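What follows is the residue order along each chain.
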Amino acid sequence: MPTLREIGEIEAVSRLRAARLETPGVVVGPGDDAAVLRPPAAAELVATTDVLVEGRHYRSDWIQAAALGERLVAANLSDLAAMAARPLWALVSIGARSEHDIEDLLRLQAGIARALEAHDAAVVGGNLAAVEGAEWFALTLLGEVEPGCAWTRSGARPGDLIAVSGAPGRAGAAVRLLQALGIAEVAQTAPELLLAWSSPADRIELAGALSRAGGVTAAIDISDGMAGDLAQLCEASGVGAELDERAWPADAALALAAERLDVALDDLRFGPSDDYELLLAVDPASRDACGRAAADLGVPLAVVGRFTEAPGVLAWRTREGALAALPGRGYDHFGSA
Ligand SMILES: [Mg+2]
């Protein structure tokens, strides 16, 4: 199978472009100097970007190329979901070593395309650069939202409920298991955690359903870890938060991972983890409507606490009723941990 060096940049770009499909709103698509796009009438555009860096966000022995492409899309879909937006168009930028196999890149690109197609979105342009060190894959995603309907981080009020989708902490637990035990062992003994990291579900449909149900006052996606992202939402809204252990969803797989890693379960629940789940502030009056909207989609949505009047104070009410500081902290991209 030929490498990028063997076929050269022009041929590689042409092959990567060949698989792309026609997309609504694309006036000029891939192959020109830039894409020309016609935004939907009466919509606001929503833009986000994210990058996966080899050695930092993944190791090539942990994940197949197609799944890596899907995961790159998932990271960006998660940001759009946190704004209650839907995806439209994506731009991909790749920094690959010259010995990278073109077939492998095509599989990655197919993974990107597949994940976008599920939402009738597509890649409309891209760039390929040669690197000598770590490889990276960046995606910029444009989406739409009805004017004035985007969620932000800043709308939570004291008394609003704290709701969280899915099973937070699993992706971070998977990475720690991978680092400790390697891919073969984790694939065999913790497949549900590995899947949470390698193929996270996107929450675009959930966000749309909750937006229609009404009552979400603020939102953020969990991309750095529950404690870190909750802190960011609280800071933006000028509120505090109190989580209730009795309301926290039980997760036997996470508990088992904590045992195997010899760490506290709360470290995995609240510590660094890019779960791509939604963390929401919900008006108590809309609790039932939001619960029904999530249940109709079969997505777990747990009410795990409430926002308080103490700005920046994150509290944790334990099963025994004691009030403590919330354990764990988010992933600091420039920190030491
Ligand atoms: Mg985000």
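Above this text is the structure in question.
Here the structure is a predicted model, which means the values were calculated and not measured.

Peer 1: What should I look at first to understand the sheet that holds strand β6 (residues 136-145) in this one?
Peer 2: What holds strands together in a sheet is hydrogen bonding between their backbones, with the strands either parallel or antiparallel. What the 4 strands build is an open sheet, ordered β3-β6-β4-β5; its pairing is mixed. Two strands in the sheet have a free side with no partner beyond their single neighbour: β3 (44-53) and β5 (122-130). Put simply, the sheet's adjacent strands are angled 15 degrees from each other on average, direction ignored. In this sheet, β6 lies alongside strand β4 (residues 86-96) in antiparallel orientation, the contact comprising 9 bridges. Looking across to β6, one finds that L91 is bridged to T140. The strands that helix α2 (residues 65-81) touches are β3, β4 and β6; relative to β3, the one it contacts most, it runs at about 140 degrees.

Peer 1: Would you mind going over the coordination of the magnesium ion with me for this structure?
Peer 2: In an ideal tetrahedron of four donors about a metal, each angle is 109.5 degrees. In an ideal octahedron of six donors, the angles are 90 or 180 degrees. Protein-derived ligands of the magnesium ion are D79 (OD) and D221 (OD), with the metal-ligand distances lying across 2.0 to 2.1 Å. Within this pair, whereas D79 is found in helix α2, its partner D221 is found in strand β8 (residues 216-222), the two being separated by 142 residues in sequence. Judged by its relative accessible area of 2%, D221 falls in the buried class.

Peer 1: Looking at this model, I keep getting lost on the nonpolar core. Mind explaining?
Peer 2: Within soluble globular proteins, side chains that are nonpolar tend to cluster in buried spots. Among the nonpolar cores identified, the biggest contains 71 residues, and I112, W151, W197 and L280 are the most heavily contacted of them. Look past the residues within four positions of L280 in its chain and what remains in contact with it is W151, L161, I162, A163, L210, V216, A218, A219, L301 and F307. In terms of nonpolar packing, the next biggest core, distinct from the first, is built from 24 residues, A156, A218, L243 and A281 among them.

Peer 1: Looking at this model, I keep getting lost on the pairing of β4. Mind explaining?
Peer 2: Side chains on a regular strand alternate between the two faces of the sheet. With 8 of 11 residues buried, β4 lies mostly within the body of the structure. With 8 bridges joining them, β4 and β5 adopt parallel strand pairing. For L91, the partnering residue across the bridge sits in β5 and is G125. Once you follow β4 into helix α3 (residues 102-117) and on to β5, the crossover reads as right-handed.

What counts as what
Residues numbered from 1 in each chain as written. Predicted model: local features only at pLDDT ≥ 70, side-chain atom pairs only at ≥ 80, totals over all residues. Heavy atoms only, no water. Pairing = 2+ DSSP bridges. Helix = DSSP H or I, 4+ residues; strand = E, 2+ residues; numbered from the N terminus. Axes fitted to C-alpha atoms, helices over the stretch in contact; angles between N-to-C directions. Contact = heavy atoms within 4.5 Å. Donors = N, O, S within 2.8 Å, 3.2 Å for Na, K, Ca; no water. Buried < 20%, exposed > 50% of the residue type's maximum accessible area, 1.4 Å probe, protein only. Core = buried A, V, L, I, M, F, W, Y, C linked by side-chain atoms within 4.5 Å. Right-handed = clockwise from strand over helix to strand, strands pointing away.

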